[in-house]
Amino acid sequence: MVEWIHPGLIIFLGGFLIPFIKPKKLKQAYFLLLPIAGLIILIFTSLGAFGAIPSWPESLHKFNIPFLKYTLTVARINKLSMLFAYVYVIAAFCMNLYALRAKSDWEHVAAMIYVGSALGAIFAGDFFTLFFFLEIMSWAPFFLLLFRGTKRSMGAAIRYILWHHFSGVCVLAGILMHVHQTGSIEFTHMPWGWGGQYLGYYLMLLGFIVNAATAPFHSWLADTYSEASPSGSIYMTAYTTKTAVFCLIITFSGTELLMWMGTITALFAVIMAVLETDGRRMLSYHIISQVGYMVAGTGIGTAMAINGAAAHAFCHIIYKALLYMGAGCPLLVVGTAKFNKLGGLYKYMPFSFWLTIIGGLSISGSPIFSGFISKTMTIEAAELIHRPIIFLMLEGASIGTFLSTTLKLPWNIWLQGKPEPPTEIRNKLKDSAVNTPLHMLIAMGILAFLCLLLGVYPNVLYQMLPYPVEFVPYTATRVFSIIQLFIFTFLGFWILRKMLHGHQTYTLDTDWFVRIPGTWFLRFCKGPLISLGTMLDRNILNLTHSIVASIRNPRLESTMTPRAIGLGIFIILALFSLFLVTKI
Amino acid sequence: MFYVVMILSLILDLILLYLHIFHYHFSFQYIPEFFALFGLFGCMLLILIAKGLGYFIVTDENYYDRRSRRQ
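Cut-offs applied
- Residues numbered from 1 in each chain as written.
- Chains lettered and ligands numbered in written order.
- Predicted model: local features only at pLDDT ≥ 70, side-chain atom pairs only at ≥ 80, totals over all residues.
- Helix = DSSP H or I, 4+ residues; strand = E, 2+ residues; numbered from the N terminus.
- Buried ≥ 20, exposed ≤ 12 C-beta atoms within 10 Å, placed from the backbone.
- Domains from an automatic or database assignment.
- Expected span 1.5 Å × (residues − 1).
- Contact = placed C-beta atoms within 7 Å.
- Axes fitted to C-alpha atoms, helices over the stretch in contact; angles between N-to-C directions.
- Parallel < 35°, antiparallel > 145°, perpendicular 65-115°, else oblique.
- Left-handed = near helix turned anticlockwise from the far one by under 90°.
- Nonpolar A, V, L, I, M, F, W, Y, C, P; charged D, E, K, R; others polar.
- Pairing = 2+ DSSP bridges.

S.K.: I would appreciate a short explanation of the overall build of chain B in the present structure.
M.R.: Counting its regular elements, chain B contains three helices and one strand. Counting from the amino terminus, chain B carries its helices and strands in the arrangement α-α-β-α. Each of the 71 residues in chain B was classed as buried or not, and the buried ones make up 17%.

S.K.: Please clarify how the domain arrangement of chain A should be interpreted in this entry.
M.R.: One widely used convention gives an interface's size as the accessible area the parts lose upon coming together. All names here are of chain A. Domain assignment breaks chain A into domain 1 (1-251) and domain 2 (253-516). With centres defined by C-alpha atoms, the gap from domain 1 to domain 2 works out at 23 Å. Only helix H3 (79-98), helix H8 (219-225) and helix H9 (230-252) provide two or more residues apiece to the side of domain 1 that touches domain 2.

S.K.: Teacher, can you tell me more about H3 of chain A here?
M.R.: Residues separated by three or four positions in an α-helix point in the same direction, a consequence of the helix having 3.6 residues per turn. Across its 20 residues, H3 of chain A extends 29 Å between first and last C-alpha, which sits within 8% of the 28 Å expected from 1.5 Å per residue. Taking burial as the measure, the 20 residues of H3 of chain A include 18 buried ones, the bulk of the element.

S.K.: Explain helix H6 (residues 151-182) of chain A here, please?
M.R.: All names here are of chain A. A rise of 1.5 Å per residue sets the reference length of H6, with its 32 residues, at 46 Å; its end C-alpha atoms lie 47 Å apart and thus fit the reference within 8%. Ser153, Ala156, Ala157, Tyr160, His164, Ser167, Gly168, Cys170, Val171, Gly174, Ile175 and His178 are the residues of H6 that are buried. For H6, the secondary structure elements touched by its buried residues are helix H5 (127-146), helix H7 (199-211) and H8. Among the residues trailing H6, Gly183 stands out with phi positive, at a value near 80°.

S.K.: It is not clear to me how the packing of helix H11 (residues 279-300) of chain A against helix H14 (residues 370-384) of chain A should be interpreted in this structure. Could you clarify?
M.R.: To describe two helices that pack against each other, one gives the angle between their axes and the distance between the axes. All names here are of chain A. Between H11 and H14, the least distance of the axes is 10 Å, while the angle of their chain directions is 40°. Between H11 and H14, the interaxial angle falls into the category oblique. As H11 runs across H14, the sense of the crossing is left-handed. On H14, the residues that touch Tyr293, Ala296, Gly297 and Ile300 of H11 are Lys375, Thr378, Ala381 and Ala382.

S.K.: Help me understand the interface of chain A and chain B, please; the structure alone is not making it clear to me.
M.R.: On the side of chain B, 33 residues touch chain A, which itself brings 39 residues to the contact. Going through the elements one at a time, H6, helix H10 (256-275), helix H15 (388-415), helix H19 (476-495) and strand E3 (505-507) of chain A are the ones with two or more residues in the side of chain A that touches chain B. It is H19 of chain A that provides the largest number of residues to the side of chain A that touches chain B, a total of 15 residues. Looking at the side of chain A that touches chain B residue by residue, the class counts come to 24 nonpolar, eleven polar and four charged.

S.K.: So what exactly am I meant to see when it comes to the packing of H5 of chain A against H9 of chain A here?
M.R.: All names here are of chain A. Taken N-terminus to C-terminus, the directions of H5 and H9 make an angle of 160°; their axes are 10 Å apart at the nearest point. In terms of orientation, H5 and H9 fall into the roughly antiparallel class. In this structure, H5 crosses over H9, and the sense of that crossing is left-handed. On H9, the residues that touch Met137, Pro141 and Leu144 of H5 are Gly232, Tyr235, Met236, Tyr239, Thr240 and Thr243. A per-class count over the contact of H5 with H9 returns six nonpolar, three polar and no charged.

S.K.: Is there a simple way to explain the pairing of strand E1 (residues 60-67) of chain A in this structure?
M.R.: Where a strand is regular, its side chains alternate between the two sheet faces. All names here are of chain A. In terms of strand pairing, E1 meets strand E2 (residues 70-77) through seven bridges, oriented antiparallel. Each bridged residue has a counterpart across the sheet, and for Asn64 the counterpart in E2 is Thr73. Turn length for the E1-E2 hairpin, with the two strands adjacent in sequence and antiparallel, is two residues, and the turn residue Leu68 shows positive phi of about 50°.

S.K.: Please explain the environment of Lys428 of chain A as it appears in this structure.
M.R.: All names here are of chain A. Considering the arrangement of structural elements, one finds Lys428 in the loop between helix H16 (423-426) and helix H17 (438-456). On a C-alpha basis, the gap between Lys428 and Gly335 in space is 8.9 Å, while along the polypeptide they are 93 residues apart. Beyond its immediate stretch of four places on either side in the chain, Lys428 contacts Val333, Val334 and Gly335.

In structure tokens form, the structure reads like this:
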């Protein structure tokens, strides 16, 4: 009897075979089959073929391997990890379908390593296994960025790996300090408090929130995700941040600090998104913002908030992949996603427009779309613990999300009130209504269908959540308030729409603190510091030269015999021995 | 068309509030047209704050190209 088949390992190891399959159709079929194999294993696991999954927070432990004096638990199956695993493989299937014709096979390999290691991390039952998979996960996007092959993407790859090494080292230090203090490597809830003995936990939390792109450590995400290839970036939207949220739910749920950080992130990131004029960079800021909701839910820590965070992660992966695919369509077909170069594409790409609108309505949390059933859960949890400020900030972030993704993004890429796109863009398009490759539209269609399905039948998702759900999303109060909120957001957008047309800019964000003072520091080093160094060098050398010249005695030098030198050494050694003897 | 929907939503809000159909958690949510005002001013405030921040942290689009040329 097989103990369990690890879907992550199947996808991880199976990925390496892709470049060796030569017939093109077979290769594509195999590439699509990998996540389906993962999905089938998960369905069998849910059905209890490998043992019944107990109710949260109990879990099923598989593959217990002795390692040094510890026991590794490579697979720990519980309701939360199953929830994340399902959405990981479903999203991976759609992403593979979208990326089917990517130029490089190695991009596929990197993507499968990424998906496989993410599954490995969420099924990890101990810190060593978790760290192992997290480290692999931080390298896979590095290669996804590298395979785009432009100079900018290589720079982004280097910056990406620097950030993730930093977070990796923080997590490792935290794990080692925890193991040293407690002797346990179990990946479970960590203690929290203020004081020196919690240093390890602070480091671990820091590592996770860098991975979750929580403000002020979020700038890497917008900086790097937008530089990957159109198909490669889709993978990056889903796995790193959501795995970090998973880790936070397991280790630090109920930490009030996280609630505030998450809420501030959610609001701050939508403000930054207003400034963006590149489709994919703007959507990157919305990833940061939406992950902020999940982090806030984790911080609130009640059963409803944890359910909300997990449900939001599930919905978010689906609609964000859809939105990124939508913004990737013009990038792939006409070579840019910058707002000032686009507009009027509707005539040539109407399907991707409507599918992106569905993604936009989902992310902003409009009724009958998936965001509504998960986001309201987190907001309701904030209301139930009587936190009006958190409530207002999270609702404010909803306004910003609606403003940017549902209004600004489709308007600027597909419409801008122009019937035809600019000439240089028009020349790259065929005279038909379907310029986007069909497999991409199918991938987007599946995701859009899931967005609607979850919005209309929330119970599909609710019964998978860790805690039993006692939450009814569709109440007259909530539906009416959100619709009225969005109608008047539209009015605000319409009044100030002129302000949203700016020239192309590049937002430095919190990188400002590194880049601008960093440049000053480098300039200081290159200029004043170097000249100070050379000046000191020169003066000290001059000084020593003059001392040597003044004490050099030609007469003494000529009378110096080996005997005199020997005597001198003897005296020194004798004094030194005496010193040693008296000391001891 | 849009203005009609807008005005209808404002009237409907007053009616539903008067009929006690809404159940909120905080007292400020019971202010008439709270969500309309919040949406309108929230949206405008977000844009203005973003533009204000933009003076400090925005540089030109060719940030990286410019840097690599200089080196």
